[in-house]
Amino acid sequence: GDSTTTSGGDLSAGASGSAVTTMQEQLIASGVYVAGGADGVFGAATTRALKQFQNWNGLQATGTLNAATATKLAAASGSATPPASTDTTPQSTDNDYVGLATGATGTLVKDLQTALMAAGVVVPGGADGSFGPATQTALKGFQRVNSLSETGVLSAQGAEILGLGSDASTPAVTASPYLGLKIGASGSAVRDTQSALIAAGVTVRGGADGSFGNATKAALVEYQTALGLTASGEVTQATIDKLGLGSSSAPTPISTSADSTPSSSSSNDYVGLSVGSSGELVRELQVALQRTGLVVRGGADGSFGGATKSALIAFQSVNGIPQTGVVTAQGAKILGLGTGSVGITNPNSSVQMERFPVQGPCFYGDTWHDPRGSGRVHVGTDVIANEGNLLYAVVDGEITKQVWDQPGLLAGNGLRITQPNGTYFVYLHMMSFAPGIEVGTQVQAGDVIGYVGNTGSSATPHLHFEIHPNGGAAVNPYSYMKAIDDCSNTTAQHQSSFT
């Protein structure tokens, strides 16, 4: 049984065991990404995934598996009713594939994984020849779709449908391990796909980390759209061909305005700093990197070595910059290097922010109009902070809009605070809203309105913040935020004038 439940018998954080594994498998089958997969442990990743499912289905996002959520989850994952029992347990047979189950390894398992992917089933990790929980989940999904008993063990009927015959040395199906990769997949095949996208000129937030989340899907959709492919957000055969996955062909590039190698004509002296550089400029670069929360081994010693390169690559990965280990114009801009005091004064006197929006520690840079996917540009400031940090109302006003995370929504959870003169402030990618926050709520500057999150198209916990003076087009928030910068203030100020 499970080690932890609520008093009502509902599964909650801290639980473990078969019931948790089943819930995680259902979440994955219903299209929700569960970091770590179906490992039977109800931790923060599972709580986040369950809240996302509850939001998508109009349920209260408690992060606890109650009766209402369990019913919805069973229906969404296709396990609400038992499948037809036409398949049986493996019987005596000369087909060497029959009976493959958790714990098996080798060529036969690799053939099974390849056949499942060719049938359109995602196998997280690809055809690695190891029959673990991911392969078992994939096989159960295949069995469910084909009205076979969901045993997680390959039966004779399942092998026949997959074309896995008695000749073990000649598998009936060969398919790319990349085919069908989508949200929830992980492993080397995902990492190869992400690397190919980056090489093709597409920004993959989070870099090539081997985890297929919303950021990778957004990057894949951008690439597919740019080349006139079906923008499914899943790896299709046409996408494989264009990216050159599994072959020696280079990816077909797309035109992009993203920052790339440093330009020798840049007037910013920091641009081009790389391994071997030294002096005061390097020291300032190291200090700027440390302010973002990154560790630079050796400290700000003014010498650009392997440690500084590693920290810079990590910074580039988080900010969607090609991971060259060389300071680019975009990277210098975000770090505030070589920009002087530009943007520190407030250009629009009608906007008066009274409170910084995020509880520290946090970090932000001037990313106004930086390129984003599908030809978009950035129209706000991203403040990177720990998930769960408090979000504050920056002015007195009214909550005039709320949005909730759902599939395909870039914004995630978000809201709008509007002043009487029409000026409004936008908060996106929130983990959740504070109690009492809803459309019509009157808030005062400093009120807690929600919590830093990682919802929507986001690769790291952060707040996307916008300012729209007098209800018009967005303006660069950087100068307003810099004027009252409070990222060093880690004190949680729980002001709630509306409760």
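Residues numbered from 1 in each chain as written. Predicted model: local features only at pLDDT ≥ 70, side-chain atom pairs only at ≥ 80, totals over all residues. Heavy atoms only, no water.

Here we take up the pairing of strand S10 (residues 462–468). Within S10, 7 of the 7 residues are buried, leaving the element largely enclosed by the surrounding structure. In S10, alternate side chains face the same way, and those of His-462, His-464, Glu-466 and His-468 on one face and Leu-463, Phe-465 and Ile-467 on the other are all buried. The pairing of strand S2 (residues 381–385) with S10 spans 4 bridges and is antiparallel. Bridge pairing in S10 places Asp-382 opposite His-464. Here 5 bridges tie strand S6 (residues 424–430) to S10, and the two strands are oriented antiparallel to one another. Opposite Leu-428, over in S10, you have His-464 as the bridge partner. (Buried < 20%, exposed > 50% of the residue type's maximum accessible area, 1.4 Å probe, protein only. Helix = DSSP H or I, 4+ residues; strand = E, 2+ residues; numbered from the N terminus. Pairing = 2+ DSSP bridges.)

Our focus in this paragraph is the side chain of Ser-458. By the secondary structure assignment, Ser-458 is in the loop between strand S9 (448–451) and S10. Here the side chain of Ser-458 touches His-462 through a polar contact of 3.3 Å, side chain to side chain. (Polar contact = N/O pair within 3.5 Å; in protein donor to acceptor, adjacent residues only side chain to side chain.)

Turning to the packing of helix H2 (residues 44–56) against helix H3 (residues 67–76), a few remarks are in order. Where H2 meets H3, the closest approach of the two axes is 11 Å, and the angle between their N-to-C directions is 85°. Considered as vectors, H2 and H3 are oriented roughly perpendicular to each other. Every residue of H3 that contacts H2 at Leu-50, Phe-53 and Gln-54 is listed here: Thr-69, Lys-72, Leu-73 and Ala-76. Residues belonging to the contact of H2 with H3 are distributed by class as follows: 4 nonpolar, 2 polar and 1 charged. (Axes fitted to C-alpha atoms, helices over the stretch in contact; angles between N-to-C directions. Parallel < 35°, antiparallel > 145°, perpendicular 65-115°, else oblique. Contact = heavy atoms within 4.5 Å. Nonpolar A, V, L, I, M, F, W, Y, C, P; charged D, E, K, R; others polar.)

Turning next to the packing of aromatic side chains. The tally for this structure, following the rule as stated, stands at 5 aromatic pairs. Consider the rings of Phe-425 and Phe-465, whose centres lie 6.2 Å apart with planes at 25°: the pair is stacked. Of this pair, Phe-425 sits in strand S6 while Phe-465 sits in strand S10, placing them 40 residues apart in sequence. For the pair shown, Phe-425 and Phe-465 are each scored as buried. When the ring of Tyr-427 is compared with that of Phe-465, the centres are 5.4 Å apart and the planes differ by 85°; the resulting orientation is edge-to-face. Residue Tyr-427 is located in strand S6, and its partner Phe-465 is located in strand S10; the two are separated by 38 residues in the primary sequence. As far as burial versus exposure is concerned, Tyr-427 and Phe-465 are alike and both buried. Its guanidinium or amino end placed over the ring of Tyr-392, Arg-355 lies 3.9 Å from that ring's centre, counting from NZ or CZ. Above the face of the Tyr-424 ring, Arg-416 is positioned so that its terminal group lies 4.0 Å from the ring centre. (Phe/Tyr/Trp six-rings, centres within 6.5 Å; stacked < 30°, edge-to-face > 60°. Lys NZ or Arg CZ within 6 Å of the ring centre and 35° of its normal.)

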